[in-house]
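Next come the chains, spelled out residue by residue.
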Amino acid sequence: MFQYAAGKALSEFHSTDLALDLTNYQKNNHRNFELDLLNISKVNRVDNKRELITFFKKNIFVDLFSSLFKKNKTVNVYKENQFSFNNCFFSLPLDCYLDGYWQTEKYFNSISDIIQDEFSLRSSKKLTDPTIYKKICRSESVGIHIRRGDYVTDRDTNNFHGILNSRYYKKASSIMMGKNFNLNYFVFTDDKDWVRNHFKFDLPFTIVDEKWNPIYDLFLLSKCSHQIIANSTFSWWAAWLNTNREKLVIAPRKWFGNKKYLNQLQDIIPEGWIKI
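What counts and what doesn't
Residues numbered from 1 in each chain as written. Predicted model: local features only at pLDDT ≥ 70, side-chain atom pairs only at ≥ 80, totals over all residues. Heavy atoms only, no water. Helix = DSSP H or I, 4+ residues; strand = E, 2+ residues; numbered from the N terminus. Expected span 1.5 Å × (residues − 1). Buried < 20%, exposed > 50% of the residue type's maximum accessible area, 1.4 Å probe, protein only. Arc of directions from axis to C-beta. Contact = heavy atoms within 4.5 Å. Polar contact = N/O pair within 3.5 Å; in protein donor to acceptor, adjacent residues only side chain to side chain. Salt bridge = Lys/Arg side-chain N within 4 Å of Asp/Glu carboxyl O.

Draft legend 1. Spatial organisation of helix α9 (residues 166–179). Helix length check: α9, at 14 residues, gives a terminal C-alpha distance of 20 Å against a target of 20 Å (1.5 Å per residue), a fit within 8%. Inspection of α9 places Y168, Y169, A172, S173 and M176 among the buried residues, and these make up the whole buried set. Each buried residue of α9 sits inside an arc of 125° when the element is viewed along its axis, so together they form one side. For α9, the exposed residues lying more than 90 degrees away from the buried face are R167, K170 and G178. Buried positions along α9 lie against β5 (140–146), β6 (183–189), β8 (226–228) and β9 (249–251). Put simply, N165 is the residue that caps the front of α9, since its side-chain oxygen is 3.0 Å from the backbone nitrogen of R167.

Draft legend 2. Up close: the pattern of salt bridges. Summed over all chains, the structure comprises 11 salt bridges. Residues D267 and K106 are paired through a salt bridge, measuring 2.7 Å at the closest nitrogen-oxygen approach. Highlighted residues: D267 in the loop between β9 and β10 (274–275) and K106 in the loop between β4 (97–99) and α4 (112–118), separated in sequence by 161 residues. By relative accessible area, which is 39% here, K106 ends up partly exposed. The salt bridge involving K211 is made with D209; its shortest N-O contact spans 3.6 Å. Each of D193, R196, D209 and K211 takes part in salt bridges that share partners, so that together they form one network.

Draft legend 3. Looking closely at helix α1 (residues 2–14). Here α1 is 13 residues long and its end C-alpha atoms lie 19 Å apart, about the 18 Å a rise of 1.5 Å per residue gives. If you check which residues of α1 are buried, you get F2, Y4, A5, A6, G7, K8, A9, L10 and S11. Buried positions along α1 lie against β1 (19–21), β4, α4 and α12 (233–241). Just downstream of α1, S15 is the residue with a positive phi angle, here 55°.

This is the structure we're talking about:
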């Protein structure tokens, strides 16, 4: 979502087309391309390396793609070298290839209304039918995201991201209760059993346990009045898409576990969100 938003902003700036490189999904068994579930504009899709080579009008051997591509002086490749905002982004040329994560709203603030519209579900009937949706919308709801999954099971992912402990959520809950009354907590997590067995909040809470595509969890989380997010782009986007003008968003100050990125975190969390 960050990649699309940044690319969309640059294409709008240049009044040109946007193409999405989807070749990585060929080898990634853990993720599927699901932006087509959203109301995004029609974009060009590049689904395999051969198409990507054709896209750049290069007739080179597919297996040598990675090494040759970087040396191709006719293609303007911009590789993100830091997580903080790069002020030169909108100085990039009309024809360029963006390689990075672009995890800050500063890349797409200029078209925030467009992104809000495009990052809505094509079909919301499945989302709005369940009772949980009505409970969230009719209360002073707080969506709490607890991310575990590969943050726990994969050593490299754990080393890079780290995992938030109960102290973070307890402090966030205390801040939330200090500013609001009659709150209803709704917990979104990829490890429901662990939360049931190990997690305690100062208020009663409901674990959202619908059997559906996780993208519906994201948008249900965005419908909560307020959010306590994890160090995860999943809940970051839910909080950003929350249109409540009085929303309170609490986010972890330490976004990555890897210490070498500590000086690159100033732009990830939007102004107005509380960092702890």
